[in-house]
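Here is what each chain is made of, one letter per residue.
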Amino acid sequence: MQITRPRGTNDFLPEITAKWQEVEALLRCLCREYGYGEIRTPLFEDTELFSRGVGETTDIVQKEMYTFADHGGRSMTLRPENTASACRAYIENKLYGGVQPVKLYYLGPMFRYEKPQAGRFRQFHQFGLELFGSAAPAADAEVISFAWDLYHRLHIKGLQLKINSVGCPACRPAYKTALQDYFRPYLGELCATCRDRFERNPLRIFDCKSEICRRIGAEAPLLLDSLCPECGEHFTAVQELLTTAAIPFELNPRLVRGLDYYTKTAFEIEVAGIGAQSALCGGGRYDGLIEEIGGTPTPAVGFALGMERIFAALAAQNDDIETTGCLDVYIISGMDKRLKQAAFALACRLRGSGISVEMELGDKSFKAQMKAADRLQAAWTVIFGANEFAAGQAAVRNMASGEQIELPIEDIRGYLMQH
Ligand code: AMP
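Computed from a prediction, not measured in an experiment: that's the story for all the values here.

## Considerations on the packing of helix α1 (residues 14–34) against helix α5 (residues 137–153)
Logical step 1: At a minimum axis distance of 11 Å, the contact between α1 and α5 shows a crossing angle of 145°. The handedness of the crossing between α1 and α5 comes out as right-handed. From α1, Leu26, Leu27, Leu30, Cys31, Glu33 and Tyr34 reach across to α5, where they touch Glu142, Ser145, Phe146, Asp149, Leu150 and Arg153.
Logical step 2: When the residues that make up the contact of α1 with α5 are grouped by side-chain class, the tally is seven nonpolar, one polar and four charged.

## A closer look at a nonpolar patch on the surface
Logical step 1: Taken together, Leu43, Phe44 and Phe68 make up a surface patch of nonpolar side chains, about 270 Å² in accessible area.
Logical step 2: Turning to its location among the elements, Leu43 is positioned in the loop between β1 (37–38) and β2 (44–46).
Logical step 3: Classification of Leu43 as partly exposed rests on a relative accessible area of 38%.

## Comments concerning the sheet that holds strand β16 (residues 404–408)
By definition, the strands of a sheet pair up through backbone hydrogen bonds, in either a parallel or an antiparallel sense.
Logical step 1: With mixed pairing, five strands are arranged side by side in an open sheet as β13-β12-β14-β15-β16. Two strands in the sheet have a free side with no partner beyond their single neighbour: β13 (357–359) and β16. Neighbour to neighbour, the strand axes of the sheet diverge by 25° on average, direction disregarded.
Logical step 2: Each of β12 (329–333), β14 (380–384) and β15 (393–398) touches helix α13 (residues 366–375); the most contacted strand, β12, lies at about 175° to it.

## Some points on unusual backbone geometry
Logical step 1: Of the consecutive residues Gln100 and Pro101, the connecting peptide bond is found in the cis state with omega at -5°.
Logical step 2: A positive phi angle, near 55°, is found at Lys264, a position not held by glycine.
Logical step 3: For Asn318, which is not glycine, the phi dihedral falls at a positive 50°.
Logical step 4: If you trace the backbone, Asn318 turns up in the loop between α11 (307–316) and β12.

## Digging into the packing of α1 against α11
Logical step 1: Running from N to C, α1 and α11 point in directions that differ by 115°, and their axes come no closer than 11 Å. Looking at the two axes, α1 sits roughly perpendicular to α11. Of the two possible hands of crossing, α1 and α11 adopt the one that is right-handed. Here Lys19, Trp20, Val23, Glu24 and Leu27 of α1 lie close against α11, whose contacting residues are Met307, Glu308, Ile310 and Phe311.

## Examining the domain arrangement of the protein
Logical step 1: Looking at the protein, the domain boundaries give domain 1 (14–171 + 227–316) and domain 2 (329–418).
Logical step 2: Using C-alpha coordinates to define each centre, domain 1 is positioned 49 Å away from domain 2.

## Side note on helix α12 (residues 337–352)
Logical step 1: Its 16 residues place the ends of α12 23 Å apart at the C-alpha level, agreeing with the 22 Å of an ideal helix rising 1.5 Å per residue.
Logical step 2: Of the residues making up α12, those classed as buried are Leu339, Lys340, Ala342, Ala343, Leu346, Ala347 and Leu350. Viewed along the axis of α12, the buried residues span an arc of 160°, placing them on a single side of the element. Opposite the buried face of α12, by more than 90 degrees, sit the exposed residues Lys337, Arg338 and Gly352.
Logical step 3: Between the side-chain oxygen of the N-cap and the backbone nitrogen of Arg338 there are 2.8 Å, and the N-cap of α12 in question is Asp336.
Logical step 4: At the exit of α12 stands Gly354, carrying a positive phi of roughly 85°.

## Structural notes on the environment of Cys326
Logical step 1: Within the secondary structure, Cys326 sits in the loop between α11 and β12.
Logical step 2: You can call Cys326 partly exposed: its relative accessible area is 49%.
Logical step 3: As a C-alpha pair, Cys326 and Ile212 span 114 residues in sequence and 54 Å in three-dimensional space.
Logical step 4: Those residues within four positions of Cys326 in sequence are excluded, and the remaining contacts are Ser356 and Gln377.

## Examining the pairing of β12
Logical step 1: β12 sits mainly inside the fold: five of its five residues count as buried.
Logical step 2: Burial of the side chains of β12 extends over both faces: Val329, Ile331 and Ser333 are buried on one face and Tyr330 and Ile332 on the other.
Logical step 3: By the bridge criterion, three bridges tie β12 to β13 in an arrangement that is parallel. Among the inter-strand pairings, Val329 is bridged to a residue of β13, identified as Val357.
Logical step 4: Read from β12 through α12 to β13, the crossover connection turns out right-handed.
Logical step 5: Two strands pair when backbone bridges link them, and β12 and β14 are joined in this way by five bridges, in the parallel orientation. Of the residues in β14, the one forming a bridge with Ile332 is Ile383.

Reading the values: the criteria
- Residues numbered from 1 in each chain as written.
- Predicted model: local features only at pLDDT ≥ 70, side-chain atom pairs only at ≥ 80, totals over all residues.
- Heavy atoms only, no water.
- Axes fitted to C-alpha atoms, helices over the stretch in contact; angles between N-to-C directions.
- Helix = DSSP H or I, 4+ residues; strand = E, 2+ residues; numbered from the N terminus.
- Left-handed = near helix turned anticlockwise from the far one by under 90°.
- Contact = heavy atoms within 4.5 Å.
- Nonpolar A, V, L, I, M, F, W, Y, C, P; charged D, E, K, R; others polar.
- Patch = residues over 30% accessible without salt bridge, like charges linked within 9 Å, V, L, I, M, F, W, Y side chains within 5 Å.
- Areas by Shrake-Rupley, 256 points an atom, 1.4 Å probe, with all protein chains shown as cover.
- Salt bridge = Lys/Arg side-chain N within 4 Å of Asp/Glu carboxyl O.
- Buried < 20%, exposed > 50% of the residue type's maximum accessible area, 1.4 Å probe, protein only.
- Pairing = 2+ DSSP bridges.
- Parallel < 35°, antiparallel > 145°, perpendicular 65-115°, else oblique.
- Domains from an automatic or database assignment.
- Expected span 1.5 Å × (residues − 1).
- Arc of directions from axis to C-beta.
- Polar contact = N/O pair within 3.5 Å; in protein donor to acceptor, adjacent residues only side chain to side chain.
- Right-handed = clockwise from strand over helix to strand, strands pointing away.

What follows is the structure, given as structure tokens:
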């Protein structure tokens, strides 16, 4: 039986990875501009890191993790996201001891056992920023502006930035009680998941996709109306910074992150017209997370974006990533062993000078090699024929203009470097 890739995963072939590399290069360039350094953490971690760092009550931890026992009987989990790992690394590597804030980025595969559908995969790729050690509103604004900047540079249209404040341990408990008081009379009408959320974290009822829960939630009191003074000032300052930077945003008072360690700013960028999975990225402040996984209280803010969603958005807008990097030279040679050896030696020399080179590795005919050069869209061909070779020369042809000259073999590298 044919073995196929697991459901919800993708094979990215060179034509696609070339586009990914362009986006990755842009991301790394932005990180340099904004001063973020890359962190690479393990693809699997102790399961407890995620049950604490993502949250016992989240869908991710309750039903989406790839968890297994290793040969030593330890429970391990393929990372469903990278923030918990980045926090662990911040603590474990004592990054809190150096200059603050610490600004990190990551890029790589994440794993969630979700129902695969357009834009939703079991292995997908996230890029994200984590900014540790600053409680300033400017840190929130910086992270948001990074995301906004990126999508603009990718020419994605119809972006909608939605922001909210989810308060802090000072203002949330009273709000939580008010929310429970509001939802209590409707308990019988809420879906089973929301009845469970009612006790554990009623804010997450706003996240429910069910029509009836949404309708009931539409009239619920909003945390934005009862933020404590500190959270209120922080949120105002973030909005002022976004306005100063000409980044348009909408308030969405029902944008939530249900867990206690999320604080203050929450944001999401969506794009219209890419189907149900319209969220390009999401993030916010999580001043309680580092403490939750065993560190000392440290303010932190960050965001994560889905790489696949970038390409889905571009495709929906009939746009695509331009890739450069076509082939510089195709070397064509006759069958004679000495010709082939000379062609091989030239290929090595040219590659050593940064020129990309392809050649026929086997014994295909001259004509077949010509065809291959055309198919690969080589900018130049170098042709080793018996007569020219006898005179120490080879022909160099510019494929666009069709012009061809004969050059001493040792001069070819210099000629190509100049042109
Ligand atoms: P989250 O970590 O759930 O806040 O997700 C952050 C971003 O990652 C989302 O806005 C999506 O762009 C992307 N994302 C999350 N889950 C998936 C998935 N299963 N497949 C593809 N992209 C995803």
